[in-house]
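Spelled out from the first residue to the last, the chains are:
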Amino acid sequence: MPSVQARIQPCLWFDTQAEEAVRFYTGVFADSRIGAITHYPEAGREQHGKPPGSVMTVAFELLGQPMLALNGGPHFKFSPALSLMVLCDTQDEIDHYWNALSQGGDPAAQECGWLKDRYGLSWQITPTIFQEMEASTDRPAVERYMAVLMTMKKLDIARLRQAFDGR
């Protein structure tokens, strides 16, 4: 894990699949690694309800971002109100992340570059150019871009660029 600890790190709450999910995510992202895996002790069992020795947390890193996965039980589920955004420079990157992360996820949750993975976590697989296009002061270009974006599931950089440029 990084020698300087990030001051803000996402903590992803799973029922019992934290280690499985982390192994999946670190398999999708080439620049990733698994760190410390902690286990539930006997102490606090009345509160956590987990068998002693079962996985409690898994520290991991994706593309340099430190994260933590917690087996916290079935009390909470992921919501699209929080998503992880992956900025992609190329269509090949978009295709790779989209195809890998959407596998086993909910196809009905795929819209405008958003997808929900097999664990219910929402991701935005987004071209880096989207920030430039959406912040543009050329309002007709932004309107064309948004009109095309809203029809897509997986984003297509070439089609978005064509729409923005008016071609």
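In this report, the structure presented in the accompanying data block is examined. The model shown is predicted, which means the values in this text are computed figures rather than measured ones.

## Some details on the packing of aromatic side chains
No. 1: Tallying each qualifying case throughout the model produces nine aromatic pairs.
No. 2: Aromatic side chains Phe14 and Phe78 sit 5.3 Å apart centroid to centroid with 80 degrees between the ring planes, which places their arrangement in the edge-to-face category. Of this pair, Phe14 sits in strand β1 (residues 11–14) while Phe78 sits in the loop between β4 (65–71) and β5 (83–88), and the two are 64 residues apart along the sequence.
No. 3: Looking at Phe14, the relative accessible area reads 3%, which means it is buried.
No. 4: Owing to a relative accessible area of 22%, Phe78 belongs among the partly exposed residues under this scheme.
No. 5: Considering the side-chain rings of Phe24 and Tyr25, the 5.7 Å spacing of their centres and the 55 degrees angle between planes classify their relative orientation as tilted. Each member of the pair, Phe24 as well as Tyr25, is classed as buried.
No. 6: Taken together through their ring pairs, the aromatic side chains of Phe14, Phe24, Tyr25, Phe29, Phe78, Tyr97, Tyr119 and Trp123 make up a single cluster.
No. 7: The ring centre of Phe24 lies 3.9 Å from the NZ or CZ of Arg118, which sits over that ring.

Criteria and thresholds
Residues numbered from 1 in each chain as written. Predicted model: local features only at pLDDT ≥ 70, side-chain atom pairs only at ≥ 80, totals over all residues. Heavy atoms only, no water. Phe/Tyr/Trp six-rings, centres within 6.5 Å; stacked < 30°, edge-to-face > 60°. Helix = DSSP H or I, 4+ residues; strand = E, 2+ residues; numbered from the N terminus. Buried < 20%, exposed > 50% of the residue type's maximum accessible area, 1.4 Å probe, protein only. Lys NZ or Arg CZ within 6 Å of the ring centre and 35° of its normal.

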